[in-house]
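# Structural characterization, general
So the chains spell out like this:
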Amino acid sequence: MKFVARVYLTLCLASSIVIMMATTQRTRYLFGTNKYYVRVINGFTDNSSVPLVIWCSSEEMDLGGRALQEHDDFSWVMRPNFWGSNRMKCTMKWDNTRKSFEAFRASRDTDRCGPNRMCSWMVTQDGFYFSNDEVNWRKDFLW
């Protein structure tokens, strides 16, 4: 009987710890303080004749497409779902070149976007740069 009681108490304690951890991690979701500001900027230096075309969508919504001239931007707000599994995929087209990328992925970006929850992308001739402050840019990938 003592063995059964110990196992029961251990399971109760483990369950309590799991519940507390899940509750703590989802506090932002439950209280609505989990908005992330996503921005894609046309960083091309000379594309006046051929705009940068962007189309973004996810399982939850379709933001549609835009033609961005030099230094134009396309921005929106993301709110990670309860499980932190949502994402926003964008397809970029410049002249005859296409590239798709995840502009926001909750599992990747909730920490990466920093305390201001800013997830900025600058697209240039030589690649895609990420920043969480729009001062320090890091190249993430090429076209």
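Below is a summary of the structure that appears in this document. Being a predicted model, the structure only gives us computed values, none of them experimental. (Residues numbered from 1 in each chain as written. Predicted model: local features only at pLDDT ≥ 70, side-chain atom pairs only at ≥ 80, totals over all residues. Heavy atoms only, no water.)

Moving on: the state of the cysteines. Defined simply, a disulfide is a covalent bond joining two cysteines at their sulfur atoms. Within this structure, the stated rule accounts for 2 disulfides. Put simply, Cys56 and Cys90 are joined by a disulfide, and their sulfur atoms are 2.0 Å apart. Taking the sign of the torsion about the S-S bond as the criterion, the disulfide between Cys56 and Cys90, at about 110 degrees, is right-handed. Taken together, the residues span a long stretch of sequence, with Cys56 in strand S2 (residues 52-57) and Cys90 in strand S5 (residues 87-94) at a distance of 34 residues. For Cys56, a relative accessible area of 0% translates into the label buried. The disulfide partner of Cys113 is Cys119, and the S-S distance across this bridge is 1.8 Å. As the torsion about the S-S bond is roughly 120 degrees, the Cys113-Cys119 disulfide counts as right-handed. A single burial state applies to Cys113 and to Cys119, both of which are buried. Numbered in order of appearance, the disulfide-bonded cysteines of the protein chain are paired 1-2, 3-4. (Disulfide = S-S within 2.5 Å. Helix = DSSP H or I, 4+ residues; strand = E, 2+ residues; numbered from the N terminus. Buried < 20%, exposed > 50% of the residue type's maximum accessible area, 1.4 Å probe, protein only.)

We now examine the sheet that holds strand S1 (residues 36-42). In space, the 5 strands of this open sheet follow the order S4-S1-S7-S8-S9, with mixed pairing throughout. With one partner strand each, in any of the chains shown, strand S4 (73-78) and strand S9 (138-141) form the two edges of the open sheet. The mean angle between the axes of side-by-side strands here comes to 25 degrees, regardless of whether they run parallel or antiparallel. Pairing geometry for S1 and strand S7 (residues 118-124), over 6 bridges, is parallel. Each bridged residue has a counterpart across the sheet, and for Asn42 the counterpart in S7 is Val123. (Pairing = 2+ DSSP bridges. Axes fitted to C-alpha atoms, helices over the stretch in contact; angles between N-to-C directions.)

Quick look at the pattern of salt bridges now. When the charged atoms of two side chains lie near each other, side chains of opposite charge can form a pair. With the rule as written, the count across this model stands at 9 salt bridges. Arg87 is paired through a salt bridge with Glu102; the nearest N and O atoms lie 2.6 Å apart. Remark: Glu102 occurs in strand S6 (residues 97-105) and Arg87 occurs in strand S5; sequence separation between them is 15 residues. Judged by relative accessible area, Glu102 falls into the buried class, the value being 18%. Notably, a salt bridge pairs Arg112 with Asp109, separated by 3.1 Å at the nearest N-O pair. (Salt bridge = Lys/Arg side-chain N within 4 Å of Asp/Glu carboxyl O.)

With that out of the way, let us pick up the nonpolar core. If you look at soluble globular proteins, the nonpolar side chains tend to sit buried side by side. In terms of nonpolar packing, the biggest core is built from 24 residues, with Val40, Ile54, Trp76, Met92, Phe101 and Phe104 touching the most fellow members. Where this core is concerned, the elements lending two or more residues are S1, S2, S4, S5, S6, S7 and strand S8 (127-131). The residues touching Val40, leaving out its near neighbours within four places in the chain, are Ile54, Leu68, Asp72, Asp73, Phe74, Trp76, Met92, Phe101, Trp121 and Val123. (Core = buried A, V, L, I, M, F, W, Y, C linked by side-chain atoms within 4.5 Å. Contact = heavy atoms within 4.5 Å.)

Any link to function would need more than the numbers given here.
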